[in-house]
Amino acid sequence: MIGVTVVLKGTSIGASTDVSGNYSLEVPDNGGVLVFSYIGYATKEVVIGNATNLNVTLATDAKSLDEVVVVGYGTESKKNIINSVASVDSKELVDRPVVNFQQALTGKIPGVAIAQSNGAPGAGMTINIRGVGSITGGTQPLYVIDGLPLSAGTDQGNDNFNYSLNPLNSINPSDIESIQVLKDAAATAIYGSRGSNGVVIITTKKGAFSEKPTISFNAYGGVSQLAKKVDVMDAYEHANYTKLARDLSWISKNPAKNKATDALSLRNIDDRYPAYMLPYINGEPGLTNTDWQDEFYRIAKVQNYDLSVSGGTTKTRYFVSANYQDQEGIIPNSGIEKASVRLNLDSELSDKLRIGINVNPTYINNNLARSEKNWGDEGLVIGTLMQHPELPVYNEDGSYAVDKLFQTLWSGESNVVQFQNPVALANLVDNKMNQFRTTFNGNVEYDIASKLTFKTSFGADLNYFERKYYRPKSLSYRTEPAPTTFFNYGSVFNSNSVNILWDNTLAYSESINNEHNFNFLLGSSMQKEVSKDATAEGRNFATDNVRTINTAQERYSSEDQREWSLLSYFGRASYNYRSKYLVTTTLRADGSSRFGSNTKWGLFPSVSVGWRVSEEEFFKNDFVNDLKLRASYGLTGNNDIPYYGSIALLSTNGKYPIGDVVQSGLFPSTAPNPNLSWEKTKTIDVGFDLSFLKHYTFTADYYYSHRTDLLLNVPVPSSSGYSTSLQNIGALQNQGIEFAVATDRKIGQGDFTLGLNFSANRNKVLALGPGQEQIISSGGLSGSHVTRIGHPVGAFFGYQVLGKFESADQLAATPKLGNQKVGDFIYQDTNGDKLVNADDRVILGDNNPDYQIGLNISYRIKGFDVSANVYSQQGLQVINTMHRYLAEAWGNNLSVYLDENAPRPVWGVGSSTHTRASSWQIEDASFIRMREIILGYSLPNTLTSKLRINRVRIYASLLNPFTWTKYSGYNPEVSSNFGSALTPGEEFGNYPVSKTSTVGINISF
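This structure is a prediction, so every number in the text was calculated from the model and none was measured.

> I'm lost on the overall build of the chain in this one. Help?
Check the secondary structure of the chain and you find eleven helices and 46 strands. Radius of gyration (C-alpha) of the chain: 31 Å, near the 30 Å computed for a compact globule of 1005 residues. In terms of its C-alpha atoms, the chain occupies a principal-axis envelope of roughly 110 × 70 × 65 Å. The buried share of the chain, taken over its 1005 residues, is 53%. Sequence-distant contacts, at least 24 apart, represent 69% of the contacts inside the chain between residues at least 6 apart. When the accessible area of the chain is evaluated, it comes to approximately 41,600 Å², of which 56% is carbon and sulfur surface. Between the centroid of the 87 positive side chains of the chain and the centroid of its 97 negative side chains there is a distance of 3 Å.

Structure (structure tokens):
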């Protein structure tokens, strides 16, 4: 077996077994005791005596039962865990090219849905634990790194890009020792008002006392490319489609007179098509036929280097690491470059006094892409798809072929999409963000008595952002030819936040006759965050060579500051009888500055019970190794709401007539609510943990989560001076089931592991505002989503398409919208009133999967290792709102509009009834995605030992190599409005997901 640790007991002399299970080490003449250990197997000690060759067989361990799991403000033996807690250890993170730890969690934990909705380097990933937990509040879990709850992130400036950066980019995955995901309210109640969306606890690596230094070096490099292309028309299809659309538009203006054969010079600009399309319409071969996706998306490079040193003396242990990562994006001029270092240091100053320090400074340089915008805001993804394939990317001299579409309109030739050459736009616009983040946590522990320990911790999260954006004068805009003035725009945005934490805990443990075991924890926590932003903007710069704001002819600036604080007291008491009967209770009191004067404090209790049936004499058998039944109930909160939501804020836009002069002034812009309080979540969880036949584990859970006091803006009488008031009034529920099965055993001469998990969640809105049945929300299409009582949050909303009008008689006899014609969609008259209008819109589906499955497999034999991760969601839909612009004969079009069941060719939003939200845009986005495949080989110990190297492994990997789905867009996990529960699952030009090939090496010595 490879990787077994062999240590001479009481010394730092040690080695690891190679691929054949061999090991060698020099020991003193007086022999000693060798300790053999391996995760999943019982540790074994063997006396050396006079032996020179020791062969040892390790037995599988009910092990894991004694494994220590990190929980809130402490640790617990796995066998005594009676909450829903899932763990991922460093084995899932090392030996693989993971750019962020969320990637490593995907498909590993039941009930945790991790969506890579955006493929931009450094972009955030959506994580929902057991469903969407709020309507307008925060829905992401709380992250706790080495005891420090992290800020969700800092404001990232103006909207020159529209995806959220990952606030956890500062964490190097190679530094992580373990990840615990607390899922039920009994597990998260110890975090009180921040626990309702789940808690992710990350523990970073530490050295070991009395261990010689271990040096590890890991490196990988590779390339990324577009994983899938969207099917759009080629130049010949596009020219003919545009001609047909413009002819139909021309004829409709005067059907008795106008004909398709009428010369372009007779038509108005809206009904003409560009002259450069004529050769394509005539079928001339060998013309320019640009595939803009091929020209725009690039082969991007990625490289990563990790170096760490760990070890310790008898009194001090340390872990020091450095990381450098450079990841280009597949969109030109986008990417992320990151450098970080970490120091984890622990020291025993005496038998009773211990100190620890964790420091992690990180510098990140982001090159951003303005990808998720519409064409009018120069969104690169949608603009690339709309670009006319008849036009070239470059001029004959190699310069960018800019302004081609603009000139078509400016010259009066034809009204076509007004979008700049996207390759030029991506490369010539500067859009950068620099971030410097430092997390620090220091602690002191003192044993007041043998079983009573006091711990005080001080932590800080210091975050600084600088955004710089510049659109050059030399680049025309659709309404302004170069050199531009108004659209020669630049901005500098600075933001910094200081988040400080002071925790104090008192822990006591007692065991009576090794049967009655008690653990008590009391604690307090004080946390405060202050954030400051400053923005300077300018237009019409003197020259593109000097881009500082002071050189702009027009300048603007703004500044704001905000802060919040949290004071908490908490406690936990647990009891078990011989680890057979178990009970744990927690209580936390939180006082928050975010809430109303009448509701500053909230209480969050929980209780959980467990019964290890396998410890009963009547249950002893050879099949079941361990069986634990558990149940829990808890109350948690969600304080992730707007700053100062409970008080009346003043706006500076007031206008007051004083005499004959209108004066500027302040006016109240938000209604006060002194009773504004937490969103509350009550959760019941029942489940069991089973291990059987020594090699298999099975876990199952059922949960019901009832969330109340959700924050909604409720209409109020206009006599109050306000239109709405933020109140605790909504309610929703999540309920579901989770299963996970795993095995770790030998097959032949190799070691085989398998993990399979399944989860299904049902989300339903229970209450909204007074007399309110639904909330209609808009994304890329007006009114495309609805949150309605009895249905999931953010369901898709629109018209049900029955077919299309085939004749004038059918058009005349069928209810329809006012401007519909033959060839348009037939929308269902759902209420039977012989009319089609907004009242006929229905729920068309939602973005929630019926179920999700994760499959993880690995096999190691004779130095070779292979592993794969497969993730699937089934039963979800996506609303593809790219149809709004890719259905009109203005830019290029989706190829689906060439199909027989497609509506007639049209152009112009006013006549495009099919661009209304309807079942036509709703697509089945069920998918099976091969997340990762890795093949590695470790050099034999006989070779590496000669070089005084413990281990050398080389590997190759594929990330996102295959996705099986019917969805026509770039990514079935798409969601343009990141983090918005009201408008999920929308495709509107998201940065596409890439597939990546890498090779790497792992060395330790």
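Now that the structure has been shown, we can carry on.
> Please explain helix α3 (residues 235–253) as it appears in this structure.
Residues lying three or four places apart along an α-helix face the same way, a consequence of the helix completing one turn every 3.6 residues. Taking 1.5 Å per residue, 19 residues should reach 27 Å; α3 reaches 27 Å between its end C-alpha atoms and fits that length. Each element contacted by the buried residues of α3 is listed here: α4 (278–281). Measuring from the backbone nitrogen of Tyr-236 back to the side-chain oxygen at the start of α3 gives 3.1 Å, which picks out Asp-234 as the cap.

> Whenever I open this one, the environment of Pro-668 confuses me. Can you help?
Examined against the element boundaries, Pro-668 turns out to sit in strand β28 (residues 661–668). Considered as a pair, Pro-668 and Gly-721 are 53 residues apart in the sequence and their alpha carbons are 8.4 Å apart. Apart from the residues lying within four places of it in its own chain, the contact partners of Pro-668 are Leu-649, Leu-650 and Tyr-722.

> How should I be thinking about a nonpolar patch on the surface in this particular structure?
A surface patch of nonpolar side chains, about 610 Å² in accessible area, is lined by Val-607, Val-609, Tyr-633, Ile-684, Val-686, Tyr-702, Ile-737 and Phe-739. Looking at the nonpolar patch, the elements that each hand over two or more residues are β25 (601–612), β29 (679–692) and β31 (724–747).

> Sorry, what's going on with the nonpolar core here?
In terms of nonpolar packing, the biggest core is built from 54 residues, with Tyr-297, Ile-331, Met-386 and Tyr-897 touching the most fellow members. Of all the secondary-structure elements, those providing two or more residues to this core are α3, α5 (292–296), α6 (380–386), α8 (422–428), β37 (825–827) and α10 (883–886). Element by element, the count of residues in this core is highest for α6, at five residues. Looking at which domains feed residues into this core, each of domain 2 (68–207 + 299–373 + 423–593 + 602–641 + 676–711 + 745–762 + 848–876 + 925–1004) and domain 3 (226–298 + 374–422 + 893–917) supplies at least three. If we skip the residues at most four places from it in the chain, Tyr-297 touches Leu-226, Ile-330, Ile-331, Val-381, Tyr-970 and Pro-992.

> Sorry, what's going on with the side chain of Asn-869 here?
Positionally, Asn-869 belongs in strand β40 (residues 864–874). Asn-869 sits in the buried class, given a relative accessible area of 3%. Among the polar contacts made by the side chain of Asn-869, one reaches the side chain of Asn-856 at a distance of 2.6 Å. Non-local contacts of Asn-869, meaning those with residues more than four positions away in its chain, are made with Thr-106, Gly-107, Lys-108, Leu-855, Asn-856, Arg-929, Met-930, Arg-931 and Glu-932.

> It is not clear to me how the domain arrangement of the chain should be interpreted in this structure. Could you clarify?
Interface size, as often reported, equals the accessible area lost upon joining of the parts. Domain boundaries assigned for the chain yield domain 1 (4–47), domain 2 (68–207 + 299–373 + 423–593 + 602–641 + 676–711 + 745–762 + 848–876 + 925–1004) and domain 3 (226–298 + 374–422 + 893–917). Distance from the C-alpha centre of domain 1 to the C-alpha centre of domain 2: 34 Å.

> Would you mind going over the confidence of the model for the chain with me for this structure?
Low pLDDT marks stretches whose predicted atomic positions should not be read closely. Per-residue confidence for the chain averages 90 on the pLDDT scale, and 95% of its residues sit at or above 70. Of all secondary-structure elements in the chain, the lowest mean pLDDT belongs to strand β2 (residues 14–16), at 69, while α5 reaches the highest, 98.

> Would you mind going over the sheet that holds strand β38 (residues 842–845) with me for this structure?
By definition, the strands of a sheet pair up through backbone hydrogen bonds, in either a parallel or an antiparallel sense. The four strands lie next to each other as β33-β34-β35-β38, forming an open sheet whose pairing is antiparallel. With one partner strand each, in any of the chains shown, β33 (774–777) and β38 form the two edges of the open sheet. When strand polarity is set aside, the average angle formed by the axes of neighbouring strands in this sheet is 45°. Note that strand β35 (residues 795–798) and β38 share three bridges and pair antiparallel. Bridge pairing in β38 places Phe-796 opposite Gly-845.

> Can you help me understand the environment of Leu-148 in this one?
Inspection of the secondary structure puts Leu-148 in strand β11 (residues 148–149). The residues touching Leu-148, leaving out its near neighbours within four places in the chain, are Tyr-143, Thr-439, Phe-440, Asn-441, Gly-459, Ala-460, Asp-461 and Leu-501.

> Please clarify how the pairing of strand β15 (residues 300–312) should be interpreted in this entry.
The two faces of a sheet get side chains in turn, since along a regular strand they alternate between them. Pairing of strand β14 (residues 211–226) with β15, which is carried by twelve bridges, proceeds in the antiparallel orientation. By the bridge assignment, Tyr-220 is partnered in β15 with Asn-304. Adjacent in sequence and paired antiparallel, β15 and strand β16 (residues 316–328) are bridged by three residues.

> Would you explain the environment of Val-801 in this entry?
Inspection of the secondary structure puts Val-801 in strand β36 (residues 801–804). Sequence spacing of Val-801 and Leu-501 is 300 residues, and the spatial spacing of their C-alpha atoms is 55 Å. Among all residues touching Val-801, those that are not within four sequence positions of it are Phe-825, Ile-826, Tyr-827, Ser-918, Ser-919 and Trp-920.

> Just checking my understanding: could you explain the side chain of Glu-987 for this structure?
Take Glu-987: it is sitting in strand β45 (residues 986–987). Lys-228 is the oppositely charged side chain nearest to the buried, salt-bridge-free Glu-987, at an N-O distance of 8.4 Å. Aside from chain neighbours lying at most four places away, what touches Glu-987 is Val-878, Ile-879, Asn-880, Thr-881, Met-882, Tyr-967, Gly-969, Tyr-970, Asn-971, Val-974 and Ser-976.

> Would you take a moment to explain the packing of aromatic side chains for this structure?
Geometrically, a pair of aromatic rings is defined through the distance of the ring centres and the angle of the planes. Under the criterion given, the structure shown has 37 aromatic pairs. Taking 5.2 Å as the distance between ring centres and 65° as the angle between the ring planes, the aromatic pair formed by Tyr-236 and Tyr-280 counts as edge-to-face. Remark: Tyr-280 occurs in helix α4 and Tyr-236 occurs in helix α3; sequence separation between them is 44 residues. Among the residues examined, Tyr-236 registers a relative accessible area of 22% and is labelled partly exposed.

What counts, and at which threshold
Residues numbered from 1 in each chain as written. Predicted model: local features only at pLDDT ≥ 70, side-chain atom pairs only at ≥ 80, totals over all residues. Heavy atoms only, no water. Helix = DSSP H or I, 4+ residues; strand = E, 2+ residues; numbered from the N terminus. Rg over C-alpha atoms; globule rule 2.2 N^0.38 Å. Buried < 20%, exposed > 50% of the residue type's maximum accessible area, 1.4 Å probe, protein only. Contact = heavy atoms within 4.5 Å. Areas by Shrake-Rupley, 256 points an atom, 1.4 Å probe, with all protein chains shown as cover. Lys, Arg positive; Asp, Glu negative; His and termini not counted. Charge placed at Lys NZ, Arg CZ, Asp CG, Glu CD. Expected span 1.5 Å × (residues − 1). Polar contact = N/O pair within 3.5 Å; in protein donor to acceptor, adjacent residues only side chain to side chain. Patch = residues over 30% accessible without salt bridge, like charges linked within 9 Å, V, L, I, M, F, W, Y side chains within 5 Å. Salt bridge = Lys/Arg side-chain N within 4 Å of Asp/Glu carboxyl O. Core = buried A, V, L, I, M, F, W, Y, C linked by side-chain atoms within 4.5 Å. Domains from an automatic or database assignment. pLDDT = per-residue confidence, 0-100. Pairing = 2+ DSSP bridges. Axes fitted to C-alpha atoms, helices over the stretch in contact; angles between N-to-C directions. Phe/Tyr/Trp six-rings, centres within 6.5 Å; stacked < 30°, edge-to-face > 60°.

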